[in-house]
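Structural overview
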Amino acid sequence: MTAAVGFDLDMTLIDSRPGIRAAYRALTEQTGVYVDADLAVSRLGPPLRTELGHWFPPEQVEEAVTTYRELYPEYAITPTVPMPGAVEALAAVRDMGLRVVVVTSKLGRLAHLHLEHLGLVADELAGDLFAEGKATALVEHGVRWYVGDHVADMVAARTARVPGIGVATGPCSPDDLWAAGASSVLKDLDGLPALLREIAVGSGPAA
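Residues numbered from 1 in each chain as written. Predicted model: local features only at pLDDT ≥ 70, side-chain atom pairs only at ≥ 80, totals over all residues. Heavy atoms only, no water.

A few points about the packing of aromatic side chains
Each aromatic ring pair is specified by the distance between its two centres and by the angle formed by the two planes. Scanning the model with the defined rule gives three aromatic pairs in all. Where Tyr34 meets Trp55, the ring centres are 6.1 Å apart and the plane angle is 85 degrees; that geometry is what we call edge-to-face. Residue Tyr34 is found in the loop between helix H1 (17-31) and helix H2 (37-41), and its partner Trp55 is found in the loop between helix H3 (48-52) and helix H4 (61-75); the two are separated by 21 residues along the sequence. Ring-pair connections join several aromatic residues into one group, and the members of that group are Tyr24, Tyr68 and Tyr72. (Phe/Tyr/Trp six-rings, centres within 6.5 Å; stacked < 30°, edge-to-face > 60°. Helix = DSSP H or I, 4+ residues; strand = E, 2+ residues; numbered from the N terminus.)

Let's talk about the pattern of salt bridges
Opposite charge on two side chains lets them pair, provided their charged atoms get close. Taken as a whole, this structure holds ten salt bridges when the rule is applied. Across the salt bridge formed by Asp8 and Lys134, the nearest N and O atoms sit 3.1 Å from each other. Of the two residues, Asp8 sits in the loop between strand S1 (4-7) and strand S2 (14-15) while Lys134 sits in the loop between strand S5 (124-126) and helix H7 (135-140), which places them 126 residues apart along the sequence. A salt bridge links Arg17 to Asp15; the shortest N-O distance between them is 2.8 Å. Beyond isolated ion pairs, a larger network of salt bridges with shared partners links Asp8, Lys134 and Asp153. (Salt bridge = Lys/Arg side-chain N within 4 Å of Asp/Glu carboxyl O.)

Concerning the environment of Pro174
Mapped onto the secondary structure, Pro174 falls in helix H9 (residues 174-179). With 24 residues separating them in the primary sequence, Pro174 and His150 have C-alpha atoms 9.8 Å apart. Discounting residues that sit within four places of it in the chain, Pro174 has contacts with Ala168 and Val185. (Contact = heavy atoms within 4.5 Å.)

Here we look at the side chain of Ser184
Mapped onto the elements of the fold, Ser184 is located in strand S8 (residues 184-186). Apart from residues lying up to four places away in sequence, Ser184 is in contact with Gly164, Ile165, Gly166, Trp178 and Leu195.

Comments concerning helix H8 (residues 151-160)
Residues three or four positions apart in an α-helix share a direction because the helix packs 3.6 residues into each turn. The buried fraction of H8 is high, at seven of ten residues. Taken as a whole, H8 has its buried residues at Ala152, Asp153, Met154, Val155, Ala156, Ala157 and Ala160. Where H8 is buried, its residues contact H7, strand S6 (143-148), strand S7 (164-167) and H9. At the C-terminal side of H8, Arg161 shows a positive phi close to 60 degrees. (Buried < 20%, exposed > 50% of the residue type's maximum accessible area, 1.4 Å probe, protein only.)

Re helix H5 (residues 86-95)
Where H5 is concerned, the buried positions are Ala86, Ala89, Leu90, Ala92 and Val93. Here the buried residues of H5 occupy an arc of 160 degrees about the axis, which is enough to place them on one side. Lining the buried residues of H5 we find S1, strand S3 (81-82), strand S4 (99-103) and helix H10 (192-200). Trailing H5 by a residue or two, Gly97 shows a phi angle of about 80 degrees, which is positive. (Arc of directions from axis to C-beta.)

Observations concerning the side chain of Asp149
Position of Asp149 relative to the elements: it lies in the loop between S6 and H8. Buried charged residue Asp149 carries no salt bridge. Nearest counter-charge: Lys134, at 7.0 Å. In this view, Asp149 contacts Asp8, Asp10, Met11, Thr12, Val167, Thr169, Gly170, Pro171, Cys172 and Leu177; residues no more than four positions away in its chain are not counted. (Lys, Arg positive; Asp, Glu negative; His and termini not counted.)

Details of unusual backbone geometry
Trans peptide bonds make up the majority, and among non-glycine residues the majority have a negative phi. Its identity as a non-glycine residue notwithstanding, Ala131 has a phi of 50 degrees, on the positive side. As for its position among the elements, Ala131 is in the loop between S5 and H7. Classification of Ala131 as buried rests on a relative accessible area of 9%. Unusually for a residue other than glycine, Arg161 sits at a positive phi of about 60 degrees. Within the fold, Arg161 resides in the loop between H8 and S7.

What to know about the sheet that holds S4
One open sheet holds the six strands; their spatial order is S5-S4-S1-S6-S7-S8, and the pairing between them is parallel. Edge positions in the sheet fall to S5 and S8, since each of these pairs with one other strand and no more. Between one strand axis and the next, the sheet turns by 20 degrees as a mean value, whatever way the strands run. Here S1 runs beside S4; their pairing, made up of four bridges, is parallel. Among the inter-strand pairings, Gly6 is bridged to a residue of S4, identified as Val101. Sheet contacts for H5: S1 and S4; angle to S4, the most-contacted strand, approximately 135 degrees. (Pairing = 2+ DSSP bridges. Axes fitted to C-alpha atoms, helices over the stretch in contact; angles between N-to-C directions.)

Nothing here speaks to function; it is geometry throughout.
This is the structure in structure tokens:
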């Protein structure tokens, strides 16, 4: 199997904050339970249930998850845009003869809608995974490096025993990413093609 570069989705490949903000506001309108949408989108990364647990009583969280996911395609897809450098980063990965694998905490079918809408092509997509839970997918899909914006992504990489490349485009600072075990930290994806070319030289063949 040809080796791959793995990517997180939210705030790594896509800026989903405008769409997620709209989806949370729609959830508030439909359920009558206030969700501070601006606060929620400032801490993207953990699973949806974690965020909704801040706003809904425990016995209502699962119903809120279902309602939010029903609202999501209508409200969250169109406003979302690629992160700066995302298109170029994916192109660079393919130019190096590597595959693109997206591993995200977002439900897979919703992640697919984002990629399809933005024309971002992944060879494999694994969803509804977080932190250590991402490691199995990273190993299964032959991911050699994992790129993410959250400390949990660095935990995933460490668990899978692959280098974690942090991008400081989400809620976690460069110091946070280094402390979580990142092997490299970039301010955004613009620096990824050069970094991959540099580190791939000594890592052996792609296949």
